[in-house]
Amino acid sequence: MSDDNAAARVIQDLRAAAVAARAGTRLPTVRELTARHQASPITVSRAIRALAAEGLLESHPGRGTFVAARVPAATAPDFSWQSIALGPRPAGEDAMQALLALPRPGAIPLSSGYLDEELQPAAALGAALARAARHPSSWLRGPVEGREDLRAWFARGAGSGLRAEDFTICAGGQAALSTAFRALAAPGETVLVESPTYLGALAAARAAGLRVVPVPADDAGVRPDLLAAALRRTGARLFYCQPLFANPHGGVLSPARRAEVLAEIRLAGAFLLEDDYARDLAIDADPPPPLAEADRDGHVVYLRSLTKSAAPGLRVAAIGARGPAGARLRAARVLDDFFVSGPLQQAALDFVTSPAWPRHLRSLRTALRSRRDALLDAIRRHLPQLPPPSVPRGGLHAWLRLPDGTDDIALTTAAAARGVVVFPGRPWYAAEPDAPHLRLTFAAAPPALLETGVHRLSQALTDL
């Protein structure tokens, strides 16, 4: 008889005895089991160890083998109490989760807030981070507002109005937005936003307890007359604005409107939070200067991030404001996370001050132009019944107008079933949308895939 068969008999015998007996009952000895099953002591000991590993037996050398205490059967955890403890779910969570969800393998991404992997300067960033990691000083605490030389770099990009001491380094643009909304307005107060606008800003403002009021915008940016009316009616002291390649529609605040918007903000004694996320994403021509450059009296709070133009992992941004507002921003950042990782700051500075940065921006502009044109061409071929979107002069997205009555969320679901990921227009509005739209990203896939993706989208639209 083989050892395996003998061990199986011993295990079966001991299991039956253990199930029938109370916890603590002494079981037959090794000698008794050896004689009963004609097995070697090694085989019996191995069987006892196997059942002990299951928690069925307890073996105590010199005392014997005993039935282990019964472990109560596992029951499903009851989390129902948390519904009461947590209260209502914050608005905008579902949209943000959907926006940041990774596409399933094989799907064509026409929705993303970041560059395609092949457009990211990964080698240059990796080399910069490796150098930073070897630098002992980068691991020290450093000032809470961030490295002075990195803040000075951001200040130079903001124009003549802001200095290095006016800036605070943040862990990405979203963190900077959250800080700004908490520092510049109190819960219950009103913040004005362009309509449509970046849904991450809507979520951050609502999370800060602010009342969000939309102001209509078009290809030339926010309408100054409606901004003035909203400032007077609501008494708002904060306006969130993307004057350059606004997300999602790509509009650029026109030269005439720039002066009018700043005049209305000054007249109202309000802040304008300028989200300059796309400063490095111009396609057709160099972008106009930031609004902050024309601001004399500290009305413009300036935000710029490196994440969109470099890589998702480069979570480095800066927010700048003059006067007491700058102090408020610095204090709010301390409450969040003290300071941004030293090696990451060092690597960001190394990268943007090296020849790799202008090389990357030149190649990125060429690639974005090619992909933008490929997306627009595909829309003209496969969706000729739709009005062609305005040609985005920069940024990452095109804003596609759908036929009246189209359910943009249902279309998003139908497109996903055909293996293409798009994002509905509805979440980008603080109130009711003026029409159904899709935000299509041209930076997350090469031209050939953009063509295929739009073809699948046209089929999904036909399916509705």
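Everything numeric in this text was worked out from a predicted model, so none of it was measured. (Residues numbered from 1 in each chain as written. Predicted model: local features only at pLDDT ≥ 70, side-chain atom pairs only at ≥ 80, totals over all residues. Heavy atoms only, no water.)

(A) Up close: the sheet that holds strand β12 (residues 397-401). Strands sit in the order β12-β15-β14 across an open sheet of 3 strands; the sheet is antiparallel. Two strands in the sheet have a free side with no partner beyond their single neighbour: β12 and β14 (423-424). The sheet contact formed by β14 and strand β15 (residues 437-441) spans 2 bridges and is antiparallel. Paired with P424 across the strands is L438, a residue of β15. (Pairing = 2+ DSSP bridges. Helix = DSSP H or I, 4+ residues; strand = E, 2+ residues; numbered from the N terminus.)

(B) Structural detail: the nonpolar core. In terms of nonpolar packing, the biggest core is built from 48 residues, with F154, L192, F239, L306 and V316 touching the most fellow members. If one sorts the elements of this core by residue count, helix α13 (residues 342-352) sits on top with 6 residues. Ranked by size, the runner-up nonpolar core spans 40 residues in total, among them Y277, A378, L396 and L461. (Core = buried A, V, L, I, M, F, W, Y, C linked by side-chain atoms within 4.5 Å. Buried < 20%, exposed > 50% of the residue type's maximum accessible area, 1.4 Å probe, protein only.)

(C) How the structure looks around the side chain of D408. Along the polypeptide, D408 turns up in helix α15 (residues 408-417). When residues no more than four places from it in sequence are discounted, the contact partners of D408 are L402, P424, G425, R426, H437 and L438. (Contact = heavy atoms within 4.5 Å.)

(D) Looking closely at the pairing of strand β5 (residues 190-195). With 6 of 6 residues buried, β5 is to be regarded as a mostly interior element. Looking at chain direction, β5 and strand β6 (residues 211-218) are connected through 6 bridges and run parallel. Bridge pairing links S195 to P216 in β6. Following the backbone out of β5, through helix α9 (residues 199-207) and into the adjacent parallel β6, one traces a crossover that is right-handed. Judged from the 2 bridges that link them, β5 and strand β8 (residues 238-241) form a sheet pairing that is parallel. (Right-handed = clockwise from strand over helix to strand, strands pointing away.)

(E) Structural view of the pattern of salt bridges. The full count for this structure, using the stated rule, is 22 salt bridges. The closest approach of N and O atoms between R257 and D218, which form a salt bridge, is 2.8 Å. Taken as a pair, R257 in helix α11 (residues 255-268) and D218 in strand β6 lie far apart in primary sequence, 39 residues in all. Of the charged contacts in the structure, one is a salt bridge between R381 and E451, with a shortest N-O distance of 2.1 Å. A residue pair is termed long-range when its members are at least 10 positions apart, and R381 in helix α14 (residues 356-382) and E451 in helix α16 (residues 447-463) qualify at 70 residues. Look at the salt bridges and you will find they share partners, linking D116, E118 and R371 into a network. (Salt bridge = Lys/Arg side-chain N within 4 Å of Asp/Glu carboxyl O.)

(F) Molecular detail of the side chain of T307. Within the secondary structure layout, T307 lies in the loop between β10 (300-305) and β11 (317-320). Aside from chain neighbours lying at most four places away, what touches T307 is Y114, G172, P312, L314, R315 and V316.

(G) Expanded view of the sheet that holds strand β7 (residues 221-222). What the 8 strands build is an open sheet, ordered β4-β11-β10-β9-β8-β5-β6-β7; its pairing is mixed. Two strands lie at the open edges of the sheet, namely β4 (167-170) and β7, each paired on one side alone. The strands touched by helix α10 (residues 224-234) are β5, β6, β7 and β8; relative to β6, the strand with the most contacts, the crossing angle is about 165°. Running at roughly 25° to β4, helix α12 (residues 324-337) makes contact with β4, β9 (271-275), β10 and β11 of the sheet. (Axes fitted to C-alpha atoms, helices over the stretch in contact; angles between N-to-C directions.)

(H) Quick peek at the packing of aromatic side chains. One pass over the full model with this rule turns up 7 aromatic pairs. Summarising the aromatic geometry, the rings of W153 and W357 are spaced 6.2 Å apart at their centres and angled 75° between planes, so their arrangement reads as edge-to-face. Note that W153 is positioned in helix α7 (residues 148-157) and W357 in helix α14, a separation of 204 residues in sequence. A relative accessible area of 7% means that W357 is categorised as buried. Geometrically, the ring pair formed by F351 and W357 is edge-to-face, given 5.4 Å between the ring centres and 75° between the ring planes. The pair F351 / W357 is uniform in exposure class, with both members buried. (Phe/Tyr/Trp six-rings, centres within 6.5 Å; stacked < 30°, edge-to-face > 60°.)

(I) Looking closely at the packing of helix α6 (residues 122-134) against α13. At a minimum axis distance of 8 Å, the contact between α6 and α13 shows a crossing angle of 130°. Comparing their axes, α13 and α6 come out oblique. When the axes of α6 and α13 are compared, the crossing they make is right-handed. The segment α6 lies against α13, with A124, L125, A128, L129, R131 and A132 engaging P343, Q346, A347, D350 and F351. Residue composition of the contact of α6 with α13, grouped by class: 8 nonpolar, 1 polar and 2 charged. (Parallel < 35°, antiparallel > 145°, perpendicular 65-115°, else oblique. Left-handed = near helix turned anticlockwise from the far one by under 90°. Nonpolar A, V, L, I, M, F, W, Y, C, P; charged D, E, K, R; others polar.)

(J) Main features of the state of the cysteines. This structure, assessed with the given rule, holds 0 disulfides. Summary of cysteine pairing: C170 is not part of a disulfide, and the nearest cysteine sulfur, belonging to C241, is at 19 Å. (Disulfide = S-S within 2.5 Å.)

(K) Main features of α13. A large share of α13 lies buried, amounting to 11 of its 11 residues. Taken together, the buried positions of α13 are G342, P343, L344, Q345, Q346, A347, A348, L349, D350, F351 and V352. Tucked inside the fold, the buried residues of α13 contact α6, α7, β4 and α14.

What is shown is where atoms sit, not what they do.
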